[in-house]
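Structural overview
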Amino acid sequence: MPSGNIIVQDGEEFEVDSPLEMLPGTSITVEAGGTLLISSTITGACGQMWQGIIVEGNTGLTHSATDLEGQGYVRGFSTGKIEHARCAISVHGMDTNGEPVPGTGGGYVKLSLTTLENNTTGVRYGPFQHANKSHLLAVNFTTTDNYRGSDEQIKYLDLIDVIRLNVDACKFKDLRSTCTIAKLPIGIDAKSAGFKATSCEFDNLRIGVKAEGVGPSKGSFAVSSGEFPSCI
C-alpha cells in the first residue's frame with residue numbers, strides 16, 4: 001500500500017530496500033541523528049508528486065569525517081532511485097511555505113551512482129556555515145517525458161549558503177523529446193555557495209551552472225573537466 005509520512009528519529013536507521021510509493025504531498029523526514037539508506041526506488045503514488053526527503057541537521061555542529069552524531073544522514077546507493085518528488089532531497093528543515101528553517105542545515109548526504117529522475121528539484125542544500133562533507137558521486141539527475149511536475153523551474157542541484165560541497169562525475173540531463181527553452185532545467189543553481197564540480201556533464205539545459213553571490217567566505221566555486229553539450 002502507498003505510504004503516508006515517514007519520520008526517521010534520532011538514533012534510528014531506516015532502509016528502503018524494496019520499491020516504496022509515497023502518497024501525494026507526503027514526505028520522509030530524517031531527523032538530526034537519524035539515518036536513511038536508499039537501495040531501491042522511492043516514487044510518487046497515484047500518478048502524482050510527493051514532497052520528498054527532508055534531512056534535518058544542526059548548524060552548530062561541524063561535519064566530522066568519522067562522527068555524524070547530531071546530523072541527519074542519507075546514503076544513496078547505485079540501486080537507489082528517487083523520482084516524482086517536488087524536491088527529492090531537502091538538506092534542511094522546511095516551514096509550511098517550503099522555505100529553509102534557520103538552524104536546521106547541516107544534514108549529511110552521500111549519493112553514489114544514485115538516480116534522481118523527474119523531480120522538480122533534485123537536491124537542495126540550506127544554509128550551513130561549516131565545510132560541507134557531503135559528497136555527490138556519479139549521480140544521474142534526469143528529466144524525461146514522464147515528468148509530472150508543473151511549469152516551475154526545474155533545478156537539479158540548488159545550493160543556498162553552503163561551503164565546499166564536492167560534486168564529482170555527475171550527469172545533469174533533460175531527455176524530454178520536446179521542451180521550450182524557458183522550461184529547460186538549470187544544472188547547478190548556487191546562491192552565496194561554494195562548491196567544486198569535477199568531470200560533470202550538463203546536457204540540454206537552459207543553464208549548466210549559475211552562481212550568484214560568489215565570495216571568498218563561501219569558498220567560491222570551481223568547475224573542471226566539465227562538458228556542456230546542447231546547453232542554451
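Below is a summary of the structure that appears in this document. (Residues numbered from 1 in each chain as written. Predicted model: local features only at pLDDT ≥ 70, side-chain atom pairs only at ≥ 80, totals over all residues. Heavy atoms only, no water.)

Notes on the sheet that holds strand S14 (residues 135–137)
Taken in spatial order, the eight strands of this open sheet run S2-S5-S8-S11-S14-S17-S20-S23, and their pairing is parallel. The open sheet terminates on both sides in strands that have one partner only, identified here as strand S2 (13–16) and strand S23 (221–224). If you compare each strand with its neighbour and ignore which way they point, the axes differ by 10 degrees on average. Where strand S5 (residues 35–38) and strand S8 (residues 73–76) come together, four bridges link them in parallel fashion. Within S8, the residue paired with Thr 35 across the bridge is Tyr 73. (Pairing = 2+ DSSP bridges. Helix = DSSP H or I, 4+ residues; strand = E, 2+ residues; numbered from the N terminus. Axes fitted to C-alpha atoms, helices over the stretch in contact; angles between N-to-C directions.)

Some words on a nonpolar patch on the surface
A contiguous nonpolar surface patch, about 310 Å² in accessible area, is contributed by Val 214, Phe 221, Val 223 and Phe 228. Mapped onto the secondary structure, Phe 221 falls in strand S23. A residue is classified by how much of its surface remains accessible, and Phe 221, at 34% relative accessible area, is partly exposed. (Patch = residues over 30% accessible without salt bridge, like charges linked within 9 Å, V, L, I, M, F, W, Y side chains within 5 Å. Areas by Shrake-Rupley, 256 points an atom, 1.4 Å probe, with all protein chains shown as cover. Salt bridge = Lys/Arg side-chain N within 4 Å of Asp/Glu carboxyl O. Buried < 20%, exposed > 50% of the residue type's maximum accessible area, 1.4 Å probe, protein only.)

Details of the nonpolar core
Counting residues in each nonpolar core, the largest one holds 45 residues, and the members touching the most others are Ile 53, Ile 89, Tyr 125, Leu 136, Leu 159 and Phe 172. In contact with Ile 89, not counting residues within four places along its chain, are Ile 53, Val 55, Val 74, Ile 82, Val 109, Leu 111, Gly 122, Val 123 and Arg 124. (Core = buried A, V, L, I, M, F, W, Y, C linked by side-chain atoms within 4.5 Å. Contact = heavy atoms within 4.5 Å.)

Here we look at the sheet that holds strand S9 (residues 81–83)
One open sheet holds the seven strands; their spatial order is S3-S6-S9-S12-S15-S18-S21, and the pairing between them is parallel. Each edge of the open sheet is held by one strand with a lone partner, namely strand S3 (20–22) and strand S21 (201–203). Neighbour-to-neighbour, the strand axes of the sheet open up by a mean angle of 15 degrees, direction not taken into account. Bridge analysis of strand S15 (residues 140–143) against strand S18 (residues 171–174) gives four bridges, and the strand direction is parallel.

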